[in-house]
Amino acid sequence: MSDIKNEIEKRRTFAIISHPDAGKTTLTEKLLLYGGAINLAGSVKGKATARHAVSDWMEIEKERGISVTSSVLQFSYNGKCVNILDTPGHQDFSEDTYRTLMAADSAVMVIDASKGVEAQTRKLFKVCGMRGIPVFTFINKMDRDANDTFDLADEIEKELGIAVCPVNWPIGSGKGFKGVYDRNERAVFLYSDTEKGTKEGHVEKISIDDEAALKSAIGEEAFEKLSEELELLDGAGADFDQAQVDVGKLSPMFFGSALTNFGVEMFLNYFLKMTKTPAPRTSDAGVIDPVEEDFSAFVFKIQANMNKAHRDRVAFMRICSGKFEASREVYHVQGNRTMRLSQPQQMMAESRHVVDEAYAGDIIGVFDPGIFSIGDTVCAPGKSFAYEGIPTFAPEHFARVRQMDTMKRKQFVKGINQIAQEGAIQIFQELSSGMEEVIVGVVGVLQFEVLQYRLENEYNVEIKLERLPYEHIRWIENPESVDIEHITGTSDMKKITDLKGRPLLLFINAWSPGMVLERNEGLSLSEFARN
Ligand code: G4P
């Protein structure tokens, strides 16, 4: 038992969230330099791939019908076993990006110092907020001219509604970026340029009390500015409070530059100190302790046809408790059967590698002959409980689907339902029509093309998609207590139902949901649906 406890307590499982180009990939690469990477997938894109991404990507995506970039990286550092969950971004932003956050115990939010909070950060942060997981902020690109440090902190607090506590403080930005002041150590860390691709660089540490040395190192002007800012910060900033960090109410804030590797190791060290071991999760049998309980896991993502030759599906599972052993049987709760998980792999994308054992906090991918659904639980035989389901997240793009050959109705219905069941798309119907009119909703527009391609290639069905202008969707949370027929709407509102028959409202304008709420007393709307 104590071995298992040791292994689990070593684990730190987090996702990096950011708006495209803020530096998520670069930071991930730098973090990996500090640890001997144990399992590496094709997730960290090389420079060459990054450049060709736009043109190549569709081909790969089409060939496989899936997102190729989402995966997990595992490395060890200072006795910890770190799992970084890559949240698909850029063109492959999809509902999977949100689902990945359901598998993480904490999140690192990378923000471009000259841009501040951007659209995708806001969306991903919302999901972190819903879960109440710790969120750490890394203000990146300090080697470029940055926004004012206090303004950045204010913006995060106002825009995202989370208090921030700077753990370090930058000294200058752009060409004048000299390093950071570590508030805990009361010392300034000055960095020299690192050699590309290495973690080596010179770090000089000077105590804040050694005024003469500091002045000579950073110059009189920078010293005065730093002193003033620190005084202001001590008077105004939130104090560090681990309990608030643990529940996602306070975000420890760090400054640095992933590209030049300034402040990355300091961030990693503090991060590992301030985040916790795999968290207990709630099930229908109560809270499951990661260490005390036998093996259990839940499916957070299903990826179809990773390898066209095999036409297989891979179910990604987050282990929540105990130890996974490939040789032992597990119980699939929703399927009500005992089975051996077939070809368990730790980390995906281009290279797969079979695992014999894994622990709470780890992610494994298993071959799925079509039995798993997103949110399913597997546990040790003899036990039976289900983890809380993964919510359905609001799509932002909608299209009406027209089938070209009406003779193939059956294949069409089967195909579109299967693809929806995998969670790649969501399908809706107008409140009053049957399966005649199908509306498809996606989180990222690329999923439209994936749908079209997969229906054609796997089900031999040709479809035409007609984009609809809706961008906002809300589930009606209390359908039993409102008269849906008589909801007073806005002119841009449409009533639909999802696959499970739950009623929803679609809107073109962002302000419409608020107006509808005002006009219909007692109505309750939600941006995601609990499953
Ligand atoms: P992403 O995964 O969040 O989308 O961002 P990514 O790391 O790919 O970084 C986006 C661009 O920003 C890259 O430049 C990268 O080199 C640059 N970058 C990342 N961190 C820093 C930083 O700390 N400082 C500066 N100055 N730049 C940074 P690119 O020109 O798009 O690509 P590349 O040709 O340099 O790879």
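Look a little higher up for the structure.
Keep in mind that this is a model prediction, so the values were computed, not measured. (Residues numbered from 1 in each chain as written. Predicted model: local features only at pLDDT ≥ 70, side-chain atom pairs only at ≥ 80, totals over all residues. Heavy atoms only, no water.)

A. Structural detail: the overall build of the protein. On a plain count of helices and strands, the protein comes out with 13 helices and 32 strands. Across the 531 residues of the protein, 53% fall into the buried class. Of all intrachain contacts in the protein linking residues separated by at least 6 positions in sequence, the fraction that spans at least 24 positions is 71%. Counting every atom, the protein has about 23100 Å² of accessible surface; 47% of that belongs to carbon and sulfur. (Helix = DSSP H or I, 4+ residues; strand = E, 2+ residues; numbered from the N terminus. Buried < 20%, exposed > 50% of the residue type's maximum accessible area, 1.4 Å probe, protein only. Contact = heavy atoms within 4.5 Å. Areas by Shrake-Rupley, 256 points an atom, 1.4 Å probe, with all protein chains shown as cover.)

B. Representation of the environment of I371 in the model. Along the chain, the position of I371 falls in the loop between β21 (363-368) and β22 (377-379). Distance from I371 to R313, taken between C-alpha atoms, is 9.9 Å for residues 58 residues apart in sequence. Those residues within four positions of I371 in sequence are excluded, and the remaining contacts are H332, R337, M339 and D376.

C. Inspection of the layout of surface pockets at higher detail. Its volume calculated, the second largest pocket comes out at about 620 Å³. Lining of the second largest pocket is provided by 26 residues; of these, R131, I133, A279, P280 and R281 occupy positions nearest its centre. Secondary-structure elements contributing two or more residues to the lining of the second largest pocket are β1 (11-18), α5 (119-131) and β13 (281-283). Each residue belonging to the lining of the second largest pocket can be placed in one class, and the counts come to 11 nonpolar, 7 polar and 8 charged. Split by domain, the lining of the second largest pocket shows at least three residues from each of two domains, domain 1 (10-72 + 81-274) and domain 2 (281-379). (1 Å grid on protein atoms, 1.4 Å probe; cavity = no way out; pocket = protein on both sides within 12 Å on 5 of 7 lines; lining within 4 Å. Points joined across faces, edges and corners; volume = space filled by probe spheres on them. Nonpolar A, V, L, I, M, F, W, Y, C, P; charged D, E, K, R; others polar. Domains from an automatic or database assignment.)

D. Expanded view of the packing of helix α4 (residues 95-103) against α5. Where α4 contacts α5, the axes come no closer than 10 Å and their chain directions differ by 35°. Read as a crossing pair, α4 and α5 show a hand that is right-handed. Here α4 contributes T97, Y98, L101, M102 and A103 to the contact with α5, which in turn contributes K123, L124, V127, C128, M130 and R131. Residues that form the contact of α4 with α5 fall into these classes: 8 nonpolar, 1 polar and 2 charged. (Axes fitted to C-alpha atoms, helices over the stretch in contact; angles between N-to-C directions. Left-handed = near helix turned anticlockwise from the far one by under 90°.)

E. Structural context of the packing of aromatic side chains. Applying the stated criterion across every chain yields a total of 18 aromatic pairs. On the numbers, 4.8 Å between centres and 50° between planes, the contact of F150 with W169 is tilted. Separated by 19 residues along the polypeptide, F150 in helix α6 (residues 149-160) and W169 in strand β8 (residues 168-171) bring together distant segments of the chain. For F150, a relative accessible area of 22% translates into the label partly exposed. Ring centres 6.2 Å apart and planes at 50° place the aromatic pair F398 and F428 in the tilted group. Here F398 is found in strand β24 (residues 397-403), whereas its partner F428 is found in strand β25 (residues 426-430), with 30 residues between them in sequence. (Phe/Tyr/Trp six-rings, centres within 6.5 Å; stacked < 30°, edge-to-face > 60°.)

F. Fine view of the nonpolar core. In this structure, L27, L31, V108, I139 and I156 are the most contacted members of the largest nonpolar core, which totals 95 residues. It is helix α10 (residues 264-274) that provides the largest number of residues to this core, a total of 8 residues. Apart from residues no more than four positions distant in its own chain, I139 is found in contact with I111, A113, L152, I156, M253, F254, F255 and G256. Counting residues in each nonpolar core, the second largest holds 22 residues, with I8, I302, V355 and V366 among its members. (Core = buried A, V, L, I, M, F, W, Y, C linked by side-chain atoms within 4.5 Å.)

G. Seen up close, helix α12 (residues 446-459). In this model α12 runs 19 Å from its N-terminal to its C-terminal C-alpha over 14 residues, within 8% of the 20 Å that 1.5 Å per residue would give. Downstream of α12 by one or two residues, N460 has phi in the positive range, about 60°. (Expected span 1.5 Å × (residues − 1).)

H. Focus on the site of the ligand. Contacts to the ligand come from 20 residues, most closely from D21, K24, T25, T26 and D143. Taking G23, its main chain carries an N or O atom lying 2.9 Å from an oxygen atom of the ligand. Within the side chain of R144, an N or O atom sits 3.3 Å from a nitrogen atom of the ligand. Against a free-state accessible area of 700 Å², the protein chains account for coverage of 77% of the ligand. Elements that contribute at least two residues to the shell around the ligand include exactly α2 (24-34) and α3 (47-64). By residue number, the principal contributor to the shell around the ligand is α2, which donates 3 residues. Taken together, the residues of the shell around the ligand sort by class into 4 nonpolar, 8 polar and 8 charged. (Near = heavy atom within 4 Å. Polar contact = N/O pair within 3.5 Å; in protein donor to acceptor, adjacent residues only side chain to side chain.)

I. A look at the pattern of salt bridges. The full count for this structure, using the stated rule, is 31 salt bridges. Ionic pairing is found between K383 and D294, a salt bridge with its closest N-O pair at 3.8 Å. Of this pair, K383 sits in the loop between β22 and β23 (392-393) while D294 sits in the loop between β14 (286-288) and β15 (296-304), placing them 89 residues apart in sequence. K383 gets classed as partly exposed once you look at its relative accessible area, which sits at 30%. Given the relative accessible area of 42%, D294 is considered partly exposed. (Salt bridge = Lys/Arg side-chain N within 4 Å of Asp/Glu carboxyl O.)

J. View of a negative patch on the surface. Taken together, the side chains of D148, D151, D154 and E157 present a region of like negative charge at the surface. Structurally, E157 is set in helix α6. (Patch = residues over 30% accessible without salt bridge, like charges linked within 9 Å, V, L, I, M, F, W, Y side chains within 5 Å. Lys, Arg positive; Asp, Glu negative; His and termini not counted. Charge placed at Lys NZ, Arg CZ, Asp CG, Glu CD.)

K. Helix α13 (residues 512-519), seen in detail. What α13 keeps buried is the set S512, P513 and V516. Considered in projection along α13, the buried side chains sweep an arc of 100° and stay on one side of the axis. The inward-facing, buried residues of α13 abut β28 (472-476), β30 (503-507) and β31 (525-526). (Arc of directions from axis to C-beta.)

L. Representation of the side chain of N168 in the model. Position of N168 relative to the elements: it lies in strand β8. Here F255 takes part through its backbone nitrogen, which lies 2.9 Å from a polar atom of the side chain of N168. When residues no more than four places from it in sequence are discounted, the contact partners of N168 are V180, Y181, D182, M253, F254, F255 and M266.

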